[in-house]
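Inside the fold
One-letter residues, chain by chain:
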Amino acid sequence: MAAQSVCKGQADFFTRLQLLRWAESFTEGKRSPRRTTVVSPSEQDDGEPHRSRRMVIMKAHPEVTKLMGYEPLTKYVVLAVVALQLYLAMYLRHSHPLFRSCSLRMPIKGINANKALAVFANLPIGVPYFAAFKKYHIEHHKHLGEDGIDTTLPTNFELLCLNNVLGKTFFATFQIFFYALRPGFVRMQTPTRWHLYNVIVQLLFNYVLVRTFGIRPLLYLLFSSFFAGSLHPCAGHFIAEHYIWDGLNQETYSYYGPLNILAYNVGYHNEHHDFPSIPWTRLPALRALAPEFYDILPSHPSWPMVIVNFIRDKEVGIFARAKRIAKNNKPKHESSSSSIGQE
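Residues numbered from 1 in each chain as written. Predicted model: local features only at pLDDT ≥ 70, side-chain atom pairs only at ≥ 80, totals over all residues. Heavy atoms only, no water.

**Quick notes on a nonpolar patch on the surface**
Judged by side-chain polarity, V127, I215, L219, L222, F223 and F227 come together as a nonpolar surface patch covering roughly 460 Å² of accessible area. Secondary-structure assignment places F227 in helix α11 (residues 216-228). (Patch = residues over 30% accessible without salt bridge, like charges linked within 9 Å, V, L, I, M, F, W, Y side chains within 5 Å. Areas by Shrake-Rupley, 256 points an atom, 1.4 Å probe, with all protein chains shown as cover. Salt bridge = Lys/Arg side-chain N within 4 Å of Asp/Glu carboxyl O. Helix = DSSP H or I, 4+ residues; strand = E, 2+ residues; numbered from the N terminus.)

**Structural notes on the pattern of salt bridges**
Enumeration over the complete set of coordinates arrives at 8 salt bridges. A salt bridge links D147 to K323, with the shortest nitrogen-to-oxygen separation between them at 3.8 Å. A residue pair is termed long-range when its members are at least 10 positions apart, and D147 in the loop between α6 (130-142) and α7 (156-161) and K323 in strand β3 (residues 322-324) qualify at 176 residues. D147 sits in the partly exposed class, given a relative accessible area of 36%. Residue R321 pairs with D150 through a salt bridge whose shortest N-O separation is 3.7 Å. Note that R321 is positioned in the loop between α16 (303-312) and β3 and D150 in the loop between α6 and α7, a separation of 171 residues in sequence. Given a relative accessible area of 2%, D150 falls into the buried group. (Buried < 20%, exposed > 50% of the residue type's maximum accessible area, 1.4 Å probe, protein only.)

**Section: the environment of K115**
With respect to the secondary-structure elements, K115 resides in helix α5 (residues 111-122). Considered as a pair, K115 and K134 are 19 residues apart in the sequence and their alpha carbons are 9.4 Å apart. Sequence-distant contacts of K115, that is, excluding residues within four places in its chain, are made with F130, K134 and W194. (Contact = heavy atoms within 4.5 Å.)

**A closer look at helix α4 (residues 73-91)**
Its 19 residues give α4 an end-to-end C-alpha distance of 27 Å, which sits within 8% of 27 Å, the value for a rise of 1.5 Å per residue. Three or more residues of α4 are buried, namely T74, V77, V78, V81, V82, Q85, L86, L88 and A89. Viewed end-on, α4 has its buried residues packed into an arc of 160 degrees, placing them on one side of the element. α4 presents Y76 and Y91 as exposed residues on the side facing more than 90 degrees away from its buried surface. On its buried face, α4 sits against α5, α10 (193-213) and α11. (Expected span 1.5 Å × (residues − 1). Arc of directions from axis to C-beta.)

Right, dumping it as structure tokens:
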């Protein structure tokens, strides 16, 4: 009964989706085959799903709180990844840059220690981004899909210019720039001392790297960051996480495949949004603890195919995001595409 209370459908939501030429069944009009794995078709609540599901899971499984807390392993993973990337950058300085860099969320004890480790983990990216990303990411969790606050939502300019195969190919190729630059146009932040620390440390590191080893190690790091957010198998998670698929009333999707090993379990995205305080290493345990909530949710079987289907399928595109009016206005839930004709 608890799970069913979270899965209450809203007919008006599906009415809006019909405007996008979607259908909930194979017999309802013409549509592409399902791209998601649907174990037991269900309908999500029209409101923001993660808070309500978190409360129900905590009531059904109070032991879930034991999964929350710090993950000591994270700091060692950060040190290893940064060391590996810097080693490769210097070792391959006489070659062409080929590989990707990684960034992590790092839950360790102490707020300042956590932020300092994040600044350190930012070094292989080549661009100071941690301080800005942290605040935007927190707002993304608290205000999922809220127009003007959640900066992962495509802008109207993107909706108008990129809703065709060529536009979607451009978006998928350069999506790392959209995620990095869009927030500055949508919701500027007030700089803090950690923004300053992030910039100073990164610029000093880049300067020392170039002075000591030449420009190629820095180019390796920058191109690694670009390729990691471009047409890369793991980059499919950017699109897979919150774009609406197959006409289903669901705005967050998980992926449980082997690429999670390389992406620090970011594929467990419903679990991550439901319980942000549970570290990445324990997200599979959360799913195992509450299978009646997570195993019934549609999920993506492949990140690479998410990119392919996003580009080639006219039923999926920049428009396929659930969008809410900010809470200080009248509550409303709509797809991004339907808002174009109204604004």
